[in-house]
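# A structural walkthrough
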Protein chains: 2
Amino acid sequence: MKFVRYSAAGHATHGILDGDTVLEISGPPTGRYTETGATASLSSVQLLAPIVPGDVYAMAVNFHSHTGGAPTPTQPEPFLKPSSSVVGPGSMVVLPANAGKVDEEGEMVVVIGRRMRNVSADDALSYVLGYTIGHDISAREWQSGDRSWWRAKGSDTFSPIGPFIETDYDPHGKNIVVTVNGEEVQNCNTEEMIFNTQECLSFISKTNTLEPGDIVFTGTSGVTSRLRAGDSLVTSIDGLGELHNSIA
Amino acid sequence: MKFVRYSAAGHATHGILDGDTVLEISGPPTGRYTETGATASLSSVQLLAPIVPGDVYAMAVNFHSHTGGAPTPTQPEPFLKPSSSVVGPGSMVVLPANAGKVDEEGEMVVVIGRRMRNVSADDALSYVLGYTIGHDISAREWQSGDRSWWRAKGSDTFSPIGPFIETDYDPHGKNIVVTVNGEEVQNCNTEEMIFNTQECLSFISKTNTLEPGDIVFTGTSGVTSRLRAGDSLVTSIDGLGELHNSIA
């Protein structure tokens, strides 16, 4: 099942994507909901971030190709992004003044479905509502110069997610391809993760409870490239569609 | 005015503290609310964290006495804590297994009242709903060994706040005294901050929008001390009462 969130006539609501039709539901997919009976064509609505998240986690250095020659991490390395940085598909990513080099990172994103506390890796995926695509936008000078990544990875518009949450999905063996202005800049497979999705979720849950609607960016690969105003950023993942954002 | 949140007969609700009486209100103090007419004596209710926060910021190295001999920061140094780590007055702080040395930090905490984006320091305090006390519990080995402080400062129960939000308050020139088992372990005045409250809020708001209900821990002073199971941790701040937590 594919869950979306969208704006129609100025009203933000949740829905189920059925082909090119959106079936409105009464509330977020992390809770009890019913179909309201209202429908709309996909082309007539503006898609929003498919969930309004609580806490937002992301994984640092989770692909061998993204360690920059440093030793392979011996444990997952999560960090936090503020929920205020989340925007939706089609949204502008705004480069902050004085941020210097700002790069794209295209990633698979997990949406938590049930409260998750101290769960084993074997059981972790049963707590997941579904999967979507995310751009973990990264201001590299702030990332190296500040004590934490609160603005390097957390400035407004730095966490686009979408276009939909796929619930019937195996996160393993999926290709992730990132393009800027149509040119491929990142290409990897989720099998190349240092710690796979269930290992990351389990590790976080050992100390930090994950709540329904919390999201986890699972890491990026390779060498990222600098974004400039006017660029078009697209990440596609097998079975999760494409996430488009433009740079302002 | 003093806002509280509390549990009475298993029901969590917001209220206004009037002497020893709690006047129930219809919703959180960051929105429109009305008094419901229900009242309770303070001694008959269990106080909870006075706000359910969205994003949680905290300030690193914001007192000269807490820089550990390192150079004085030339800009505010915020970091993020997960909202899942927030608990209330009287709650247990649980030391995670294998965390090693876990210290207390007693701090003034700002509660945002209005959406705040790129606001000057001169105007920043007009966006504040009020002030409370917080314990920024810190697992020092994880703080130095992990790439980010997601669990060092974000494990479950690591962000107690309370007991109430004071709206009629000037954050300047206030004494902060922290005791463990009755013995004073930290003692400072908010005038000793490297960046004062309005400078911290303004700096965050330049890149990261602060929403109503978001909270900001404003930093700790001096040298902190190791907490052990059974300890009683109390921070008092002029005009904000006392925040009590026990260690498990």
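Keep in mind the model is a prediction, meaning the values are calculated, not measured.

### A short note on the sheet that holds strand β15 (residues 175-180) of chain A
All names here are of chain A. Spatially, the five strands line up as an open sheet ordered β9-β19-β18-β15-β16, and their pairing is mixed. Looking at which strands have only one partner, the edges of the open sheet turn out to be β9 (92-93) and β16 (183-189). Judged from the five bridges that link them, β15 and strand β18 (residues 232-237) form a sheet pairing that is antiparallel. By the bridge assignment, V177 is partnered in β18 with S236.

### Points about the interface of chain A and chain B
Facing the 29 residues of chain A at the interface are 29 residues of chain B. Both faces combined, the contact of chain A with chain B buries some 2,600 Å², and carbon together with sulfur accounts for 53% of it. If you look at where chain A meets chain B, you find two salt bridges. Residue D156 of chain A is joined to R117 of chain B by a salt bridge in which the shortest nitrogen-to-oxygen separation is 3.2 Å. Here the side of chain A that touches chain B takes five residues from strand β7 (residues 77-81) of chain A, the largest share from any one element.

### Considering the nonpolar core
One finds L201 of chain A together with L201 of chain B to be the most contacted residues of the largest nonpolar core, which totals 126 residues. Apart from residues lying up to four places away in sequence, L201 of chain B is in contact with V110, I112, M116, A124, L125, V128, L210 and V216 of chain B.

### Observations regarding the pairing of strand β6 (residues 56-60) of chain A
All names here are of chain A. Most of β6 is tucked away: five of the five residues are buried. The side-chain alternation of β6 yields two buried faces, one formed by V56, A58 and A60 and the other by Y57 and M59. In terms of strand pairing, β6 meets β7 through five bridges, oriented antiparallel. Note that in β7 the partner of A58 across the bridge is F79.

### Notes on the domain arrangement of chain A
All names here are of chain A. Partitioning chain A into domains gives domain 1 (2-46) and domain 2 (56-247). Between domain 1 and domain 2, the contact holds six residues from the first and ten residues from the second. Counting each side, the surface lost to burial between domain 1 and domain 2 is near 630 Å², with a carbon and sulfur contribution of 67%. Interface area lost by domain 1 to domain 2 is led by K2, F3 and T30, which between them contribute 78%. Here domain 1 is connected to domain 2 by one salt bridge.

### Notes on the relation of the copies chain A and chain B
If you rotate chain A by 180° and push it 0.0 Å along the axis, it lands on chain B with an RMSD of 0.0 Å. With respect to symmetry, the two chain copies, as superposed, fit the operation of a two-fold axis. A symmetric contact is evident, with 100% of the interface residues of chain A recurring at the interface of chain B.

### A closer look at the packing of aromatic side chains
Evaluated as defined, the whole model comprises ten aromatic pairs over all chains. Arranged with centres 6.4 Å apart and planes meeting at 85°, the rings of Y57 of chain A and W150 of chain B form a pair that is edge-to-face. Here Y57 of chain A is found in strand β6, whereas its partner W150 of chain B is found in the loop between α2 (140-145) and β14 (159-166) on a different chain. As far as burial versus exposure is concerned, Y57 of chain A and W150 of chain B are alike and both buried. Each ring, one from F203 of chain A and one from W150 of chain B, has its centre 5.7 Å from the other, and the planes form 45°; the classification is tilted. With F203 of chain A in helix α3 (residues 197-207) and W150 of chain B in the loop between α2 and β14, this residue pair bridges two chains. There is no split in this pair, since F203 of chain A and W150 of chain B are both buried. An aromatic cluster of three or more residues is present, and its members are Y57 and F203 of chain A together with W150 of chain B. The ring of Y169 of chain A has K174 of chain A lying over it, and the distance from NZ or CZ to the ring centre is 4.8 Å.

Rules and cut-offs
Residues numbered from 1 in each chain as written. Chains lettered and ligands numbered in written order. Predicted model: local features only at pLDDT ≥ 70, side-chain atom pairs only at ≥ 80, totals over all residues. Heavy atoms only, no water. Pairing = 2+ DSSP bridges. Helix = DSSP H or I, 4+ residues; strand = E, 2+ residues; numbered from the N terminus. Contact = heavy atoms within 4.5 Å. Buried area = accessible area lost by both parts, 1.4 Å probe. Salt bridge = Lys/Arg side-chain N within 4 Å of Asp/Glu carboxyl O. Core = buried A, V, L, I, M, F, W, Y, C linked by side-chain atoms within 4.5 Å. Buried < 20%, exposed > 50% of the residue type's maximum accessible area, 1.4 Å probe, protein only. Domains from an automatic or database assignment. Least-squares fit on C-alpha atoms with pLDDT ≥ 70 in both. Phe/Tyr/Trp six-rings, centres within 6.5 Å; stacked < 30°, edge-to-face > 60°. Lys NZ or Arg CZ within 6 Å of the ring centre and 35° of its normal.

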